[in-house]
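Working through the structure, step by step
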Amino acid sequence: MSIHREPPVTAVLTGAGLRGREAYGEYALKNPGKLKFLAVADPDFERRRAFQLDHNIADNLAFESWETLFSPGNGRLADAAFICTQDNLHYHPALAALNSGYHLVLEKPVSPNLEECRAIAALAEKEHRKIQVCHVLRFTAFWRKIKELVDSGRIGRVIHYDHSENVSYWHFGHSYVRGNYRNEASSSPVILAKSCHDLDLMYWVIGAKPLSVQSMGDLTHYRPENAPAGAPERCTDGCPEAETCPWYAPRTYLTGEPLLRIGLHAPSRTTRFLAHFALNHRRALSLLSHFNKGLRSILNWNRFPATVITTDLSPAGKMKALKEGPYGKCIFKAVNDVLDHQITTYRFPGGVTGTLTLHGVSELEGREIRIFGTKGTIRGYFRYNGEQITVTDFRYSKTNIVHRAGLSMGGHGGGDFGLMDSFVKVMRGEINPHEAGTDIDNALEAHYMAFAAEAARTAQREMQLAD
Ligand SMILES: NC(=O)c1ccc[n+]([C@@H]2O[C@H](COP(=O)([O-])OP(=O)(O)OC[C@H]3O[C@@H](n4cnc5c(N)ncnc54)[C@H](O)[C@@H]3O)[C@@H](O)[C@H]2O)c1
């Protein structure tokens, strides 16, 4: 008996950076029967070349920019185009790809501009193209369980949904103070850049579009006036607070200390002492690392966020990036303008309310949720170091753990690969795009919520969301 195997869905990639290479490129390498990249575009030679080599892409299919990849002369080279460029560089490549006949996998946010979001959706509809927006969290076991619990009626009717997006001090410092998302003009307001995921989850779990919104927030901490006395422009210029500052850049990028919770960031005195000793006796550490793989990370941290600052991941290469690029700047002098905390409240039909707390001064990275129903409460946390959901029923005052999972350092708790599995099924016609939940129409609801929140915050009043 012969087994019929479907050929992999084929794709071209524009933007071979963190998402393009490490999330979706990785999926294709691990699932060659499902997804195959045939071409790539990126002006950064090192990144383009790395992707080309990973996926065995011919030289004539490696382009310096999306403009050449989607030029009419090239026609349509594959089934779908992945748009994984930075936030303010989605619109033009997305339109060009749609016009060239591709379906899209489009990174979030769709665009920092509302009219551009609408224009992409309108062109896709006109040309009958499918768009999967990368709201990857919908595909995690954690959020699927939350949705299932709410829909089952286990806590009765939802009255209030409370969602916190706790961005850790080191991650916020990396992305929203020193990095790509530090300025609204070059990326997006933080509620769109970071929390379009959170708003998408709120809309999905409650199962309705909000009617109105109020919001307040500020940039309070990561400002020049909060710099310690004598702090230079860069951590590498001999900062007097190097031993005590949690944002001291070499610790984040050279040894990964805040992520590993070692050195200054170790929770106990003994671990702090041992880590300090080890870091100051690198030869001994190097010897011990032959017996313990984990120790190698301390010698040279070569995962996120180090992978963002340079392609030369040697200690010297990273130090050069810190001395010359934005990631070595003093955290208080990075010339950033996005808010570091924002509280937003939505009113939904039927008197239901939802709150989003977004902030960049958390000790732990992760989301926390409480859903208050007429019969009970759901509580959950979704962090890099573990996940848990409990349900408490008013009648028995009993709290049951209904979901628990351990450490998930990458891949958004399974969401990145879950989104890709869904995309492959959509492309093969096994599920319809709307059923997948992350089609452009669904995705834009979260964008409308973010744009409205910003309008309400700046106007300092409750704003209505139009249909
Ligand atoms: N879905 C998620 O959970 C998630 C997580 C992080 C980031 N993102 C989003 O993904 C997108 C990409 O983020 P990233 O961290 O991978 O960014 P990145 O900066 O690592 O990668 C972007 C790449 O685009 C390339 N590029 C620039 N100009 C180009 C051009 N003209 N043609 C082709 N490529 C070009 C850059 O050289 C770079 O390699 C952003 O919109 C970001 O907000 C989504």
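All figures in this text were calculated on a predicted structure; none of them were measured in a lab. (Residues numbered from 1 in each chain as written. Predicted model: local features only at pLDDT ≥ 70, side-chain atom pairs only at ≥ 80, totals over all residues.)

Topic: the overall build of the chain
Counting its regular elements, the chain contains 19 helices and 15 strands. Relative to the 2.2 N^0.38 estimate, which gives 23 Å for 467 residues, the radius of gyration of the chain is 23 Å and therefore close to what a compact globule would have. With respect to the principal axes defined by its C-alpha atoms, the chain has extents near 65 × 60 × 55 Å. The buried share among the 467 residues of the chain stands at 44%. (Helix = DSSP H or I, 4+ residues; strand = E, 2+ residues; numbered from the N terminus. Rg over C-alpha atoms; globule rule 2.2 N^0.38 Å. Buried ≥ 20, exposed ≤ 12 C-beta atoms within 10 Å, placed from the backbone.)

Quick notes on the nonpolar core
Within the largest apolar cluster, 118 residues are counted, with the highest numbers of intra-cluster contacts made by Leu104 and Met449. Sorting elements by how many residues they give to this core places helix H19 (residues 440–459) first, with 11 residues. Once you skip the residues sitting within four places of it in the chain, Met449 turns out to touch Leu199, Tyr203, Pro210, Val213 and Tyr346. (Core = buried A, V, L, I, M, F, W, Y, C linked by C-beta atoms within 7 Å. Contact = placed C-beta atoms within 7 Å.)

Comments concerning the environment of Ile369
Along the chain, the position of Ile369 falls in strand S11 (residues 366–373). Judged by the 21 C-beta atoms lying within 10 Å of it, Ile369 falls in the buried class. In the structure, Ile369 is positioned 20 residues away from Ile389 in sequence and 9.0 Å away in space, judged by C-alpha atoms. Excluding residues within four positions of it along the chain, Ile369 makes contact with Ile146, Asp162, His163 and Gly380.

Section: the packing of helix H1 (residues 18–30) against helix H17 (residues 415–427)
A pair of packed helices can be characterised by two numbers: the angle between their axes and the separation between those axes. The N-to-C vectors of H1 and H17 enclose an angle of 55 degrees; their axes lie 10 Å apart at closest approach. By the criterion of interaxial angle, the relationship of H1 to H17 is oblique. When the axes of H1 and H17 are compared, the crossing they make is right-handed. Contact with H1, carried on its side by Ala23, Tyr24 and Tyr27, involves Asp416, Phe417 and Met420 of H17 and no other residues of that element. Here the residues of the contact of H1 with H17 sort into 5 nonpolar, no polar and 1 charged. (Axes fitted to C-alpha atoms, helices over the stretch in contact; angles between N-to-C directions. Parallel < 35°, antiparallel > 145°, perpendicular 65-115°, else oblique. Left-handed = near helix turned anticlockwise from the far one by under 90°. Nonpolar A, V, L, I, M, F, W, Y, C, P; charged D, E, K, R; others polar.)

Comments concerning unusual backbone geometry
The residue after Lys108, namely Pro109, is reached through a cis peptide bond having omega -15 degrees. Note on placement: Pro109 falls in the loop between strand S5 (103–106) and helix H5 (114–127). In this model, Phe304 is joined to Pro305 through a cis peptide bond whose omega is 5 degrees. Position of Pro305 relative to the elements: it lies in the loop between helix H14 (293–299) and helix H15 (306–309). Although it is not a glycine, Asn56 adopts a positive phi angle of roughly 55 degrees. Its place among the elements puts Asn56 in the loop between helix H2 (45–55) and strand S3 (62–63).

Focus on the sheet that holds strand S6 (residues 131–133)
Two strands in a sheet stick together by hydrogen bonds in their backbones, pointing the same way (parallel) or opposite ways (antiparallel). Pairing is parallel across the open sheet formed by 6 strands, whose spatial order is S3-S2-S1-S4-S5-S6. Either end of the sheet is taken by a strand with one partner, and the two such strands are S3 and S6. On the sheet, H17 packs against strand S1 (9–14), strand S2 (35–41), strand S4 (80–83), S5 and S6 and is oriented at approximately 170 degrees with respect to S6. (Pairing = 2+ DSSP bridges.)

Regarding the packing of H1 against H2
Between H1 and H2, the shortest axis-to-axis distance is 10 Å and the interhelical angle comes to 15 degrees. By the angle between their axes, H1 is roughly parallel relative to H2. Note that H1 runs across H2; the crossing there is right-handed. Counted together, Arg21, Gly25, Ala28 and Leu29 of H1 and Arg47, Ala50, Phe51, Asp54 and His55 of H2 form the full contact between these two elements. Taken together, the residues of the contact of H1 with H2 sort by class into 4 nonpolar, 2 polar and 3 charged.

A closer look at the environment of Leu364
Mapping Leu364 onto the fold places it in the loop between strand S10 (353–362) and S11. The class of Leu364 is partly exposed, set by 14 C-beta atoms lying within 10 Å. Leu364 sits 106 residues away from Pro258 along the chain, and the two C-alpha atoms are 9.9 Å apart. Excluding its chain neighbours within four sequence positions, the residues that come into contact with Leu364 are Asn166, Ser168, Arg383 and Asn385.

What to know about the sheet that holds strand S13 (residues 386–393)
Read across the sheet, 9 strands follow the order S14-S13-S12-S11-S7-S10-S9-S8-S15 without closing on themselves; strand pairing throughout is mixed. If you trace the sheet from one side to the other, it starts and ends with strand S14 (398–405) and strand S15 (463–464), each paired once. Its contacts with the sheet put helix H6 (residues 141–152) on strand S7 (158–168), S11, strand S12 (376–383), S13 and S14, and the angle it makes with S14 is roughly 145 degrees. The strands touched by H19 are strand S8 (212–218), strand S9 (341–347) and S15; relative to S8, the strand with the most contacts, the crossing angle is about 65 degrees.

Regarding the site of the ligand
Around the ligand, the surrounding shell holds 26 residues, and the nearest of these are Gly15, Gly17, Leu18, Arg19 and Glu107. Residue contributions to the shell around the ligand peak at 3 residues, all from H1. When the residues that make up the shell around the ligand are grouped by side-chain class, the tally is 10 nonpolar, 9 polar and 7 charged. Counting only domains with at least three residues in the shell around the ligand, you end up with domain 1 (9–107) and domain 2 (138–222 + 336–412 + 439–464). (Near = placed C-beta within 6 Å. Domains from an automatic or database assignment.)

Describing helix H7 (residues 169–178)
Summarising burial for H7: 10 of the 10 residues are buried, a large majority. Taken together, the buried positions of H7 are Tyr169, Trp170, His171, Phe172, Gly173, His174, Ser175, Tyr176, Val177 and Arg178. Looking at the packing, one finds that the buried side of H7 touches S7, helix H8 (190–193), helix H10 (249–253), helix H11 (257–260) and S10.

Considering the pairing of S5
Burial along S5 is two-sided: His103 and Val105 facing one way and Leu104 and Leu106 facing the other are all buried. Relative to S5, S4 is paired through 4 bridges, and the arrangement is parallel. Across the sheet, the residue bridging to Ala81 is Leu104, located in S5. Note on the crossover from S4 through helix H4 (residues 91–99) to S5: the handedness is right-handed. Bridge count for S5 against S6 is 3 bridges, and the pairing is parallel. Residue pairing in the sheet places Leu106 in a bridge with Val133 of S6. Viewed along the sheet, the connection from S5 through H5 into S6 turns out right-handed. (Right-handed = clockwise from strand over helix to strand, strands pointing away.)

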